[in-house]
Every structure is written in C-alpha cells, then in structure tokens.
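Each chain, written out:
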Amino acid sequence: MISKVEDHLVILEQKVTETEKVSPNPAKQKRRTFRAKKRKLVERRDKMREHQDQQSIYGQRNSYSKTNHDATLYAGQGRSDAKWSIETSVQSSDCHKRAVHHGGSGAKIFR
C-alpha cells in the first residue's frame, strides 16, 4: 500500500514540475494530501509492528514489565511495581522452607 502511494507521489512530482507556473496548483495540493496519507500509513505500520512485538512478549497476560518480562505488574500506591512475594517458614531457629511467588502463579519451594 505504501509503495503504491510512493509511486503516485512520483507521478504527482512530475505534474508539479510541468505545471509550475499555475497558481493555485492542484497538483501541489494532491501531492500534499498524498504525503500526509503516506506519513500516516508509515506511522500506522510502525505502531502495528510495535504492538506485535509487545504481544509476543506478554502473550496471554495483560501487561509486562519493560525491565523484567517475566514479572507481572500490579497497581500499588499509585504506581506499577513488579509483583514478587517471598515467604519464609521457620521451624525452631533455622530456616526450613522458602517460597518465591511470582505473579500469583504457584510457589517454587527451595530446601
């Protein structure tokens, strides 16, 4: 689609140079319109690529952290933080179990 617009812009450039003395020049107005359309198409294409890249990172989740793609974000105290919780259970005086929870998706237990 963008290549078709570029091809049409080349044709309009030739028309503008042929009718340079005409004022107001309708070819210039068309060229201006097509340049704006091309710019919007390029911006839309780039945004679509960016969205596809983001979607490949977060997959089935709703969001992701830019610094840690495995962390899940939650709203806390007016800002977004990576959600990690560490729980330690103690029996007598030495550490018995440690569990690291990531985004509420089960616990990994270290012994």
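Quick caveat: nothing in here was measured; it's all calculated off a predicted structure. (Residues numbered from 1 in each chain as written. Predicted model: local features only at pLDDT ≥ 70, side-chain atom pairs only at ≥ 80, totals over all residues. Heavy atoms only, no water.)

*Asks:* How should I be thinking about the side chain of Arg 31 in this particular structure?
*Replies:* Residue placement: Arg 31 occurs in helix α2 (residues 26-58). In contact with Arg 31, other than residues within four places in its own chain, are Leu 9, Leu 12, Glu 13 and Val 16. (Helix = DSSP H or I, 4+ residues; strand = E, 2+ residues; numbered from the N terminus. Contact = heavy atoms within 4.5 Å.)

*Asks:* How do you make sense of the pattern of salt bridges when you look at a structure like this?
*Replies:* When charged atoms on two side chains of opposite charge get close, those side chains can pair. Evaluated as defined, the whole model comprises 5 salt bridges. Notably, a salt bridge pairs Arg 31 with Glu 13, separated by 3.2 Å at the nearest N-O pair. One end of the pair, Arg 31, is in helix α2; the other, Glu 13, is in helix α1 (residues 2-18), and 18 residues separate them in sequence. Overall, the relative accessible area of 15% leaves Arg 31 in the buried class. Using a relative accessible area of 31% as the deciding quantity, one classes Glu 13 as partly exposed. Among the ionic pairs, Arg 45 bridges to Asp 46, the shortest N-O distance being 3.5 Å. Among the residues examined, Arg 45 registers a relative accessible area of 34% and is labelled partly exposed. Judged by relative accessible area, which is 37%, Asp 46 ranks as partly exposed. Connected through shared salt-bridge partners, Glu 13, Arg 31 and Arg 35 make up one network. (Salt bridge = Lys/Arg side-chain N within 4 Å of Asp/Glu carboxyl O. Buried < 20%, exposed > 50% of the residue type's maximum accessible area, 1.4 Å probe, protein only.)

*Asks:* For this particular structure, what's the right way to read the side chain of Asn 25?
*Replies:* By the secondary structure assignment, Asn 25 is in the loop between α1 and α2. Take Asn 25: its relative accessible area is 6%, and that puts it in the buried class. A polar side-chain atom of Asn 25 sits 2.7 Å from the main-chain carbonyl oxygen of Thr 19. Sequence-distant contacts of Asn 25, defined by excluding residues within four places in its chain, comprise Val 16, Thr 19 and Glu 20. (Polar contact = N/O pair within 3.5 Å; in protein donor to acceptor, adjacent residues only side chain to side chain.)

*Asks:* Help me understand the packing of α1 against α2 in this model?
*Replies:* When two helices pack together, you describe them by how their axes are tilted relative to each other and by the distance separating the axes. The interhelical angle for the contact between α1 and α2, taken along N-to-C directions, is 160°, at an axis separation of 9 Å. Taken as axis vectors, α1 and α2 run roughly antiparallel relative to one another. The chirality of how α1 crosses α2 is left-handed. Seen from α1, the contacting residues are Ile 2, Val 5, Glu 6, His 8, Leu 9, Leu 12, Glu 13, Lys 15 and Val 16; seen from α2, they are Ala 27, Lys 28, Lys 30, Arg 31, Phe 34, Arg 35, Lys 38, Leu 41, Val 42 and Arg 45. Along the lines of polarity and charge, the residues of the contact of α1 with α2 split into 9 nonpolar, 1 polar and 9 charged. (Axes fitted to C-alpha atoms, helices over the stretch in contact; angles between N-to-C directions. Parallel < 35°, antiparallel > 145°, perpendicular 65-115°, else oblique. Left-handed = near helix turned anticlockwise from the far one by under 90°. Nonpolar A, V, L, I, M, F, W, Y, C, P; charged D, E, K, R; others polar.)

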